[in-house]
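Here is what each chain is made of, one letter per residue.
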Amino acid sequence: MKNSILKSIAFLAIVFFSTNLVSAQKTNQKAVIKTFFHCDHCKECETCGQKFNSEMLKIKGVKMYELDEKAMPLTVYFNSKKTNLQTIREAISKLGYDADDVKADPKAYESLDGCCKA
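Model, not experiment: these values are computed from the prediction.

Peer 1: I'd like to hear about the sheet that holds strand 1 (residues 28-34), residue by residue, with values.
Peer 2: With respect to topology, 3 strands assemble into an open sheet ordered 1-3-2, the strand pairing being antiparallel. With one partner strand each, in any of the chains shown, strand 1 and strand 2 (62-67) form the two edges of the open sheet. Between one strand axis and the next, the sheet turns by 20° as a mean value, whatever way the strands run. Where strand 2 meets strand 3 (residues 73-79), 5 bridges bridge the pair, whose relative direction is antiparallel. What sits directly across from E66, in strand 3, is T75. Across the sheet, helix 3 (residues 85-93) touches strand 1, strand 2 and strand 3, and the angle it forms with strand 1 is around 40°.

Peer 1: Account for the pattern of salt bridges, with residues named and values stated.
Peer 2: Counting across every chain of the model gives 2 salt bridges. Linking E55 and K58 is a salt bridge whose minimum nitrogen-to-oxygen distance equals 3.3 Å. Assessed through its relative accessible area of 60%, K58 is described here as exposed. The salt bridge partner of R89 is D100, with a shortest N-O separation of 2.9 Å. Of this pair, R89 sits in helix 3 while D100 sits in the loop between helix 3 and helix 4 (106-111), and the two are 11 residues apart along the sequence.

Peer 1: Can you break down the nonpolar core residue by residue, with the values?
Peer 2: If you look at the biggest cluster of nonpolar residues, it comprises 19 residues, and the most contacted ones within it are F52, M56, L74, V76, I88 and I92. Elements with a minimum of two residues in this core: strand 1, helix 2 (46-56), strand 2, strand 3 and helix 3. Sequence-distant contacts of V76, defined by excluding residues within four places in its chain, comprise Q29, K30, A31, I33, M56, V62, M64, Y65 and I88.

Peer 1: Describe the environment of E90, listing the residues and the values that go with them.
Peer 2: Considering the arrangement of structural elements, one finds E90 in helix 3. Each C-alpha atom, one on E90 and one on D100, is 10.0 Å from the other, the two residues being 10 residues apart in sequence.

Peer 1: A description of the packing of aromatic side chains should follow, citing residues and the corresponding values.
Peer 2: All told, the structure shown has 2 aromatic pairs when counted by the stated rule. An angle of 85° between the planes, with centres 5.7 Å apart, marks the rings of F52 and Y65 as edge-to-face. Residue F52 is found in helix 2, and its partner Y65 is found in strand 2; the two are separated by 13 residues along the sequence. Summarising the aromatic geometry, the rings of F52 and Y97 are spaced 5.5 Å apart at their centres and angled 90° between planes, so their arrangement reads as edge-to-face. Remark: Y97 occurs in the loop between helix 3 and helix 4 and F52 occurs in helix 2; sequence separation between them is 45 residues. When its relative accessible area of 2% is taken as the criterion, F52 is described as buried. What makes Y97 buried here is its relative accessible area of 2%.

How each quantity is defined
Per chain, residue numbering runs from 1 following the sequence as it is written. Since the coordinates come from a predicted model, pLDDT governs what is reported: local features require at least 70, and pairs of side-chain atoms require 80 or more to be given and counted, while whole-chain, interface and lining totals use all residues. Side-chain numbers come from the whole structure's heavy atoms, not from hydrogens or water. A strand pair is defined by DSSP finding two or more bridges across the two strands. For the purposes of this entry, the term helix denotes a DSSP run of H or I that reaches at least four residues, the term strand denotes a run of E that reaches at least two, and both are numbered from the N terminus. In this analysis, axes come from line fits to C-alpha atoms, helices being fitted only over the stretch in contact, and the angle between any two N-to-C directions falls in the range 0 to 180 degrees. Contacts are assigned to residue pairs with any non-hydrogen atoms lying within 4.5 Å of each other. Criterion for a salt bridge: a side-chain nitrogen of Lys or Arg within 4 Å of a carboxyl oxygen of Asp or Glu. Each residue's exposure class comes from its accessible area (1.4 Å probe, protein chains only) as a fraction of the maximum for that residue type: buried when under 20%, exposed when over 50%, partly exposed otherwise. Only buried Ala, Val, Leu, Ile, Met, Phe, Trp, Tyr and Cys residues count toward a nonpolar core, and they belong to the same one when joined by side-chain atoms within 4.5 Å. Two rings from Phe, Tyr or Trp (for Trp, the six-membered ring) form a pair when their centres are within 6.5 Å of each other. A pair whose planes differ by under 30 degrees is stacked, one over 60 is edge-to-face, and the rest are tilted.

So this is what it looks like as structure tokens:
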């Protein structure tokens, strides 16, 4: 009797932890967003690159991002329970950059350095 209770508890614990692991994996997502930095130093300059970096990481749910410096896609890793891809695109637009089909916000674009505009 005692063995069967222990086996049942062990089985339930395994099922519980497995379910939680699977659901946690579903919330972590990866997306590739087409964008473009217009000059070589944009990634480092204070008004463009550093601002972009700090603001991207302030978006609720964004864990990290990577920018391919040659092809210019932005790979974003985010928690889908806290944000969605459209919200991320709109946040990038508010920084002055196009994000897939979401065009850069005109006011944000105008605030970029002249060399950072197309």
